[in-house]
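Working through the structure, step by step
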Amino acid sequence: MAINPVKGTHDIIADEANTYSGIEYDCRILAELFGYSEIRTPIIEHTPLFLRSVGESSDIVTKEMYTFDDKGGRSLTLRPEMTAGVMRSVVSNKLYATNDLPLKYFYIGPCFRYERPQAGRYRQFHQFGVEAIGSTSYLQDVEVITLGKRVLDSLGIDKVKVLINSLGDEESRENYRAALKEYFSKHIDCMCEDCKRRLEVNPLRILDCKVPEDRKIIEGAPKIHDYLSDVARGHFDNVVDMLKKVGIDVEIDDTLVRGLDYYTGIVFEYHMNDSDDVGAIGGGGHYKNLLKEVGGPDLEGVGLSFGIERLYYVYNKVNAGEEMFVNGPDFYLMGMDAHAIELNFTLANILRMNGYAVEMNYENKSFKSLFKIAEHKHSKFAIIVGEDEIRNGTLTVKNLNTQEQTTVKTDDMLLVFKSMLEDYMRDLRKEAK
Ligand code: HAM
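The sections below set out a description of the structure shown in this document. (Residues numbered from 1 in each chain as written. Predicted model: local features only at pLDDT ≥ 70, side-chain atom pairs only at ≥ 80, totals over all residues. Heavy atoms only, no water.)

**Examining the sheet that holds strand S12 (residues 331-335)**
- Spatially, five strands are ordered S13-S12-S14-S15-S16 in an open sheet, and the strand pairing comes out mixed. Each edge of the open sheet carries a strand with a single partner, namely strand S13 (358-360) and strand S16 (405-409). Recorded for the sheet is a direction-independent mean angle of 25° between the axes of neighbouring strands.
- Strand direction decides the pairing type here: strand S14 (residues 381-385) and strand S15 (residues 394-399), joined by four bridges, are antiparallel. The partner of Ala382 across the bridge, within S15, is Lys398.
- Helix H13 (residues 367-376) contacts S12, S14 and S15 of the sheet and is inclined by roughly 165° relative to S12.
- Against the sheet, helix H15 (residues 413-432) contacts S12, S14, S15 and S16, and its axis sits at roughly 155° relative to S16. (Pairing = 2+ DSSP bridges. Helix = DSSP H or I, 4+ residues; strand = E, 2+ residues; numbered from the N terminus. Axes fitted to C-alpha atoms, helices over the stretch in contact; angles between N-to-C directions. Contact = heavy atoms within 4.5 Å.)

Have a look at this one:
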C-alpha cells in the first residue's frame, strides 16, 4: 500500500526546489548586507519555551503545536516559529555577554503548526527571519522593516503594502486592555467561542479574529492610538517618518495585533496589494520582555519572519510561473550505441572534473527522445557522438538556445567549451534585456 505524505506537508522537487533555494539565497544575501549572521537552532525545544514566549492566549499554543513526550517523559514541541528558539539560544549560550550589542541573527528553516491546510497554509512550512536584540532605538525597528521590504523588492514582488501598528508600552496597553474589555463585554454573547476565551485571557487577541460577524463588532472597538502614551506615540511617529524617508510607504492599521503574545510596541505585516489569498507574506514586531521571560537579561528586540512557501507563491504569481534559477546542465552528451555511450562516460568524467555540469544517456534511445530530455532538463548544449564523430575524433555540439551546430575536435573541447558557454550566457543576458 502506498504511503501518502503527512497531511499539510509537501515535497519540493527539482525546478521548484531551485526557486526555493533562489528565494532563500536572496534572503540570506540581504540579511548579510544588513549585518545579520546566521543562527541555526534545533527544531525541537522544551514545550515551556513556547508557552512562555509565544504565549498561552495565542492560537499557536492553544491549538496548533506539535507537542509530544519523548522516551524520557519530557514534553517537547516541534518549533511553531523560530524567534523563541533564538531567544533560548541567546540565553543558553550567553550570547548577550558582549559589548557588541545589538546581536543580529538571521535564520532559515522548517516550522510546524497543526493548522487546517489551505492555500499558503501548511503544517510543515519554512521561514526566513531576522532578530535584532539589544537596541532601544526606533531605527532598529526601521532597519528590520526595511530589510523585509528589500527582500520583496529583490524578488520583484513590488505590489505590496506594509501594514503597521503600535501596541504601545506597558502603560498604554494596560489602559487599552481595560477599554477593550469594557467594549467587548457588551457584545461577547454574540461572538465566537474563541473570542469568549480571548476576552478572559487577552482581549487584544479578539482584534485578530477572522470571523466575518465578529469583524463588524471589532470595527467599532476602541483604537489603540487613542491610548498610546506620549513616549509610545513618539516612537511610532519616528518609525513611520523614517520609513517614508527611506522610500517605504506604510499603511497604519490599528486593528493589527499579530498572533503571538510577545509583541510590545511596533508590529507590522507585508501583504499583497491586490489580493490576500494567502494572508500575510511576512510579519514581525518589537518585543520588550521576551528575552527576560525566557531567563535572559532585560534586553529588548525586534524581528520579522517570512513564510518561504508564501514568498514562493507570490513570486510565481508575479513572475507568471517562471521558475527561478533553472539550473540545467551545461552539456547533455548523447550516444546511440554501447560504444558511444562508453566513450561519453569518459568525456563526462573529464568535463565534470573541469567544473562543467554534464548529463548523459546510459540507455539506447533515439536522438529525437534524447533532445527532448535535454530540453526538459534545461541543458545549454547537446553533444552528439555518432559513428562519424568517433571516426573523425570530433564532437557535434548544438546550442539548444540558438539551435546553431558546430563541430569541435575532441582534443580541443576544454579550450573551446569555456568560450562557448560564455557566449551562451551573454546571448541569454541580451535576450533578457
Ligand atoms: P507569524 O506571523 O506567525 O510570525 O509567521 C510569519 C510568517 O510565517 C507568516 O507571515 C507566514 O508567511 C508564515 N506562516 C505562518 N504560518 C504558516 C503556515 N501554516 N504555512 C505557511 N506559512 C506560514 C512569526 O512566526 C514570528 N516569529 C515573526 C517574528 C520574528 N516576530 C519577531 N521576530
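Structure's up, so let's keep going.
**Observations concerning the nonpolar core**
- Counting 51 residues, the largest nonpolar core has Met87, Ile133, Phe184, Met191, Ile206 and Leu207 as the members making the most contacts within it.
- Per-element tally for this core: the top contributor is helix H4 (residues 83-92), with five residues.
- When sequence neighbours within four positions are dropped, the list of residues in contact with Met191 reads Phe184, Lys196, Ile206, Asp214, Ile217 and Ile218.
- Core analysis: the second largest hydrophobic core is formed by 40 residues, Tyr20, Leu155, Ile164 and Val314 among them. (Core = buried A, V, L, I, M, F, W, Y, C linked by side-chain atoms within 4.5 Å. Buried < 20%, exposed > 50% of the residue type's maximum accessible area, 1.4 Å probe, protein only.)

**Focus on the packing of helix H1 (residues 15-33) against helix H11 (residues 308-318)**
- It is the contact of H1 with H11, at a shortest axis distance of 10 Å, that shows an interaxial angle of 110°. Overall, the two elements H1 and H11 adopt an arrangement that is roughly perpendicular. When H1 is examined against H11, the residues Glu16, Thr19, Tyr20, Ile23, Glu24 and Cys27 are found in contact with a partner set consisting of Ile308, Glu309, Leu311, Tyr312 and Tyr315.
- Class assignment of the residues belonging to the contact of H1 with H11 gives a composition of seven nonpolar, one polar and three charged. (Parallel < 35°, antiparallel > 145°, perpendicular 65-115°, else oblique. Nonpolar A, V, L, I, M, F, W, Y, C, P; charged D, E, K, R; others polar.)

**As for the sheet that holds strand S2 (residues 44-46)**
- Judged by pairing direction, the sheet is antiparallel, and its three strands sit side by side in the order S2-S4-S3 without closing on themselves. Edge positions in the sheet fall to S2 and strand S3 (66-69), since each of these pairs with one other strand and no more. Going across the sheet, the axis of each strand differs from the next one's by a mean of 35°, ignoring polarity.
- Here four bridges tie S3 to strand S4 (residues 75-78), and the two strands are oriented antiparallel to one another. Bridge assignment links Asp69 to a residue of S4, and that residue is Ser75.

**A short note on the environment of Arg121**
- By the element assignment, Arg121 lies in the loop between strand S5 (103-112) and strand S6 (124-133).
- Along the backbone, Arg121 and Val54 are 67 residues apart, and their C-alpha atoms lie at a distance of 19 Å.
- For Arg121, the residues in contact, after removing those within four places along its chain, are Glu115, Arg116 and Arg310.
- In terms of polar contacts, Arg121 uses its side chain to reach the side chain of Glu115, at 2.6 Å. (Polar contact = N/O pair within 3.5 Å; in protein donor to acceptor, adjacent residues only side chain to side chain.)

**Focus: H15**
- Taking 1.5 Å as the rise per residue, H15 with 20 residues should run 28 Å; its terminal C-alpha atoms sit 28 Å apart, in good agreement.
- Along H15, the positions that sit buried rather than exposed are Met413, Phe417, Met420, Leu421 and Tyr424. Buried residues of H15, seen end-on, are gathered within an arc of 100° and therefore sit on one face of the element. Summarising the geometry of H15, the exposed residues directed more than 90 degrees from the buried face are Leu415, Lys418, Arg429 and Lys430.
- Along its buried surface, H15 packs onto S12, helix H12 (338-353), S14, S15 and S16. (Expected span 1.5 Å × (residues − 1). Arc of directions from axis to C-beta.)

**Some words on the site of the ligand**
- Near the ligand you find 27 residues, and of these Glu81, Thr83, Glu115, Tyr122 and Tyr263 are the closest.
- A distance of 2.8 Å separates a nitrogen atom of the ligand from a polar side-chain atom of Thr83.
- For the ligand, an oxygen atom lies 2.8 Å from a polar atom in the backbone of Ile281.
- Notes on the ligand: free accessible area 660 Å², of which the protein chains cover 96%.
- Elements supplying a minimum of two residues to the shell around the ligand: S6, strand S10 (282-287) and strand S11 (301-307).
- Of all the elements, S10 adds the most residues to the shell around the ligand, at five residues. (Near = heavy atom within 4 Å. Areas by Shrake-Rupley, 256 points an atom, 1.4 Å probe, with all protein chains shown as cover.)

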